[in-house]
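Residues per chain are reported as follows:
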Amino acid sequence: MKFGKKLAAIAVAGLALVGTAACSNNNSSSTSTSNKIPKVTKKTTVVFWHGMQGAQADTLKSLAKEFEAKNSNIKIKLEQQGNYDDLQAKLNSTMQSPKNLPTITQAYPGWLESAAKNNMLVNLTPYINNHDVGWGSSAASGIKADMLNGAKINGKQYGIPFNKSTEVLIYNPAMLKKYGVTKVPTTMAELKQAAQTIYQKSNHQVAGAGFDDLDNYYVLGMKNEGQDFSSKIDFTGKASKKVLNYYVAGEKAGYFRMAGSDKYLYIPFTNNKLAMFVTSSSTETWIKQAARKGFTYEVAARPSKYTMQQGTDIYMFNRASAMQKAAAFKFMKFLSSEQGQIKWAKKTGYIPVNEDATKSTEYKSIKQFKLPAKLETIWSTNSLYSVPVIKDSSATFSQLTPIMQSILSAAQKNRNVNKAINTGKTKFDAAWKQ
């Protein structure tokens, strides 16, 4: 779901409880011996924990069955753990008893930082380079380099990208035309100007623009100001206040809006109360479900140098047997293949992690979504960015949405914004010191 990243961005303090116990519970199959990768010659079951629901879960089940038909010795046991919050909580609690962990799991890298430090994960580089279960080299994987690098923890390739999305600008072309906006915004300055124009010419009936993910808004705003997300950020510094006040001014004046009680901006967007918004590319799925017949929309690049890489990867646990690891990686390779990713994209709206898939006519000709025909152009416009996997980054990232909500609410209600920003700084700094 487009909202998986929001739901997933919660504190990972539970991982820190693993400590020495995690190391002592690892079996003999460690990263140091994973070069000895066997061929899968006997019946092997791979347990896969995931947080996919609805059509996404159905598609995953279909892909698993297709893989099993081609690999008769391998059984993929899919175990749905609820939503991303539930999945992360299950991982946190189970890591205290590592023998109960699955073979592989869907996860964000930030969830597993402590697991990597405690030698609970498999470094996948030998599997990638293996000719039997992998591609023979990392260059042959076909996976977009930015995404593959995003699945690293502490410089090691612990994950393989799976269900990915990116932030885009979704807009109503009829509304832009109606209110005299002749150019789709390509910069933040143009987005502000267009939003002001729409709000004024609609007699304050239509908000010009908004940002669905307030945490992404702040992180990318700072990255566009030249600062990576880290504890070194001064939340009340010049660059940070510039990022905050851009949205605050719009919220206060009315031409920008946050989701608020609607929870997600596709709701006012499909009700013609919002002209444009920056959101996950997978929001297309939800727009199609909510929009009335005849409603039109288009997709463009996020109006900034950087855009967010979102979505999870697949990670493998060291507790698995050598045969399970080999079988699991074959399945991971299958899911990230050109055809696997095209099928996944067609059914779910996620973007392919495989570059051959994104360049293929089959993907570009997908008609149920707007993005496939424009993805290469969007990627040529934006550089992908992801939250750095460093100590407390995931916990701090999870605090950004409520911090931003408090600041924007203060602006909306004509309360003291500086006080809200100072309170935000206290919470932001404290999150880095958990």
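Our subject in this report is the structure included herewith.

Rules behind the numbers
- Residues numbered from 1 in each chain as written.
- Predicted model: local features only at pLDDT ≥ 70, side-chain atom pairs only at ≥ 80, totals over all residues.
- Heavy atoms only, no water.
- Buried < 20%, exposed > 50% of the residue type's maximum accessible area, 1.4 Å probe, protein only.
- Helix = DSSP H or I, 4+ residues; strand = E, 2+ residues; numbered from the N terminus.
- Pairing = 2+ DSSP bridges.
- 1 Å grid on protein atoms, 1.4 Å probe; cavity = no way out; pocket = protein on both sides within 12 Å on 5 of 7 lines; lining within 4 Å.
- Points joined across faces, edges and corners; volume = space filled by probe spheres on them.
- Expected span 1.5 Å × (residues − 1).
- Contact = heavy atoms within 4.5 Å.
- Core = buried A, V, L, I, M, F, W, Y, C linked by side-chain atoms within 4.5 Å.
- Polar contact = N/O pair within 3.5 Å; in protein donor to acceptor, adjacent residues only side chain to side chain.
- Phe/Tyr/Trp six-rings, centres within 6.5 Å; stacked < 30°, edge-to-face > 60°.
- Salt bridge = Lys/Arg side-chain N within 4 Å of Asp/Glu carboxyl O.

### Regarding the pairing of strand β3 (residues 104–107)
Side-chain alternation along β3 places I104 and Q106 on one buried face and T105 and A107 on a second face that is also buried. Bridge analysis of β3 against strand β11 (residues 306–316) gives four bridges, and the strand direction is antiparallel. Bridge pairing links I104 to M316 in β11.

### A short note on the layout of surface pockets
Empty pockets left among the atoms are what a rolling probe the size of a water molecule brings to light. Of the pockets and cavities examined, the largest pocket occupies roughly 520 Å³. What lines the largest pocket is a set of 30 residues, and nearest its centre among them are P109, S386, V387, P388 and V389. Looking at the lining of the largest pocket, the elements that each hand over two or more residues are α1 (4–8), α7 (145–150), β4 (152–153), β11, β12 (383–385) and α19 (393–412). Here the lining of the largest pocket takes four residues from β11, the largest share from any one element.

### Side note on helix α3 (residues 54–70)
Given a rise of 1.5 Å per residue, 17 residues ought to cover 24 Å, and the 25 Å separating the end C-alpha atoms of α3 matches this to within 8%. The inward-facing, buried residues of α3 abut β1 (44–50), β2 (74–80), β6 (159–171), α14 (322–335) and α15 (338–348).

### Topic: the pairing of β2
Strand direction decides the pairing type here: β1 and β2, joined by seven bridges, are parallel. When the sheet's bridge partners are listed, F48 is paired in β2 with L78.

### Some points on the nonpolar core
Residues L91, I104, L112, L121, F329, F331 and L335 are the most contacted members of the largest nonpolar core, which totals 87 residues. It is α14 that provides the largest number of residues to this core, a total of nine residues. Those residues within four positions of F331 in sequence are excluded, and the remaining contacts are F48, A64, F67, I76 and I104. L169, V219, V243 and V278 belong to the second largest nonpolar core, which has 52 residues in total.

### Let's talk about the environment of A151
Position of A151 among the secondary structure elements: in the loop between α7 and β4. Judged by its relative accessible area of 0%, A151 falls in the buried class. Distance in space between the C-alpha atoms of A151 and A107 is 9.6 Å, their sequence separation being 44 residues. Non-local contacts of A151, meaning those with residues more than four positions away in its chain, are made with K156, Q157, Y158, G159, I160, P161, D313 and Y315.

### Re unusual backbone geometry
Even without a glycine there, the phi angle at N154 is positive, about 55°. Within the secondary structure layout, N154 lies in the loop between β4 and β5 (156–157). A relative accessible area of 45% places N154 in the partly exposed class. Positive phi values are uncommon outside glycine, yet D392 reaches one of about 70°.

### Section: the side chain of Q309
Tracing the backbone shows Q309 in strand β11. Using a relative accessible area of 9% as the deciding quantity, one classes Q309 as buried. One polar contact links Q309 to K164, side chain to side chain, over a distance of 3.2 Å. Beyond its immediate chain neighbours, meaning those up to four positions away, Q309 contacts D146, M147, G150, K164, S165, L384, Y385 and S386.

### Concerning helix α9 (residues 188–201)
Its 14 residues place the ends of α9 20 Å apart at the C-alpha level, agreeing with the 20 Å of an ideal helix rising 1.5 Å per residue. Taken residue by residue, α9 has L191, A194, A195, T197, I198 and Y199 as its buried positions. Elements in contact with the buried residues of α9: β6, α8 (173–178), β7 (209–210), α11 (238–253), β8 (256–257) and β9 (276–280). Backbone geometry just downstream of α9 places N203 in the positive-phi region, at approximately 55°.

### Quick word on the packing of aromatic side chains
Each aromatic ring pair is described using two quantities: the centre-to-centre distance and the angle formed by the ring planes. Throughout the structure, instances matching the rule amount to 28 aromatic pairs. Taking 6.3 Å as the distance between ring centres and 80° as the angle between the ring planes, the aromatic pair formed by F229 and F397 counts as edge-to-face. With F229 in the loop between α10 (214–224) and α11 and F397 in helix α19, the pair connects residues that are 168 residues apart, well separated along the chain. Across this residue pair, the class does not change: F229 and F397 are buried.

### A word on the pattern of salt bridges
Oppositely charged side chains can form a pair if their charged atoms are brought close together. Counting across every chain of the model gives 19 salt bridges. Across the pair E167 and R302 runs a salt bridge whose closest N-O atoms are separated by 2.9 Å. Here E167, found in strand β6, pairs with R302, found in the loop between β10 (298–301) and β11; they are 135 residues apart in sequence, far enough to count as distant. For the pair formed by E167 and R302, the shared burial category is buried. Residues joined in a network through salt bridges with shared partners are E66, K70 and K343.

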